[in-house]
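Report on the structure
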Amino acid sequence: MIKSQTQKSVAKLTENMYELWDQEIILNKKLEIFNMVKESHDPDFYINGIEDRYSRKYLAMLRLSTHPLKIEIGRYHNISRQNRTCDYCNLNAIENEIHFMTCCTLYSNIRNKLYQELNGIGNSNWLSCDSDEKILCYLLQPRDIQTAKLVIAYIKSCLETRKKQLQITFPV
Ligand SMILES: [Zn+2]
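Counting restarts for each chain: residues are numbered from 1 in the order of the written sequence. The predicted nature of this model means local features are confined to residues of pLDDT at least 70 and side-chain atom pairs, given and counted, to a pLDDT of 80 or more, with totals for whole chains, interfaces and linings taken over all residues.

Right, let's talk about the overall build of the protein chain for a bit. Secondary structure elements are defined from DSSP: runs of H or I of at least 4 residues count as helices, runs of E of at least 2 residues count as strands, and each element is numbered from the N terminus. In terms of helices and strands, the protein chain carries ten helices and zero strands. When the elements of the protein chain are put in sequence order from the N terminus, they spell out α-α-α-α-α-α-α-α-α-α. In terms of overall dimensions, the protein chain has C-alpha extents of about 70 × 45 × 30 Å along its principal axes. Relative to its full complement of 172 residues, the protein chain shows a buried share of 23%. Looking at the protein chain alone, contacts between residues at least 24 apart form 62% of all its contacts between residues at least 6 apart. Working definition of burial: number of other C-beta atoms within 10 Å of the residue's own, with buried at 20 or more, exposed at 12 or fewer, and partly exposed in between, all C-beta atoms being placed from the backbone. We call two residues in contact whenever the C-beta atoms placed from their backbones are within 7 Å.

Moving on: the packing of helix α4 (residues 53-63) against helix α10 (residues 145-169). Here the axes come from fitting lines to C-alpha atoms, over the contacting stretch only for helices, and the angles between their N-to-C directions go from 0 to 180 degrees. Put simply, α4 and α10 touch, their axes get as near as 9 Å, and they point 75° apart. Taken together, the axes of α4 and α10 lie roughly perpendicular to each other. Taken together, the residues of α10 that come into contact with α4 (itself represented by Ser55, Tyr58, Leu59 and Leu62) are Val151, Ile152, Ile155 and Lys156. Residues that form the contact of α4 with α10 fall into these classes: six nonpolar, one polar and one charged. Note on angle classes: values under 35 degrees are labelled roughly parallel, values over 145 roughly antiparallel, values of 65 to 115 roughly perpendicular, and the remainder oblique. Under this grouping Gly is polar, as are all residues other than the nonpolar Ala, Val, Leu, Ile, Met, Phe, Trp, Tyr, Cys and Pro and the charged Asp, Glu, Lys and Arg.

What follows is about unusual backbone geometry. Phi at serine 65 is positive, roughly 55°, even though this residue is not glycine. Looking at where serine 65 falls in the secondary structure, it is placed in the loop between α4 and α5 (70-76). Phi is positive for asparagine 92, which is not a glycine, with a value near 55°. With respect to the helices, strands and loops of the structure, asparagine 92 is situated in the loop between α5 and α6 (97-103).

So, about the nonpolar core. The nonpolar side chains of a soluble globular protein tend to be buried with one another. In this structure, Leu59, Val151 and Ile155 are the most contacted members of the largest nonpolar core, which totals 27 residues. Those elements that provide at least two residues to this core are α2 (32-37), α4, α6, α7 (108-121), α9 (132-140) and α10. Considering each element in turn, this core owes the most residues, seven residues, to α10. Discounting residues that sit within four places of it in the chain, isoleucine 155 has contacts with Tyr58, Leu59 and Leu62. Each nonpolar core comprises buried Ala, Val, Leu, Ile, Met, Phe, Trp, Tyr and Cys residues, the members being joined through C-beta atoms within 7 Å.

Following this line, the structure appears as structure tokens:
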């Protein structure tokens, strides 16, 4: 009897916590990408699938918008959202997560390599991605270790390329 009541209380508390979580995420503009990528309340595969904390952080920073992209940095410099354009290509697009991960031409070579490798794995969810948004969701929500490692290496390589380009464009 006591056990049953405890289980009911825990279930109710969990339900309340998830409701609050969902409301907070929807209202928090900064968590726009997380809201788009996160499909359930369960821990995501990469949290336990990738043991190395340092590697996991690359995925986490894109999912939680704690990256150095202009969409985020511009916020601290009071640059209006539409003016947070990418300094690394000629697309005149806002440097946000979608642009960084799927469009920016600075990373075309690295991205082509990633896409070829993902094509090689041949996951049907990957092969059916028909928009930049779906590609972003697939990349930021890896469900197997091979994909997770490829995406982490991709993000790391793109950020290193971006940093090098920044040093060339704005030498200290
Ligand atoms: Zn760009």
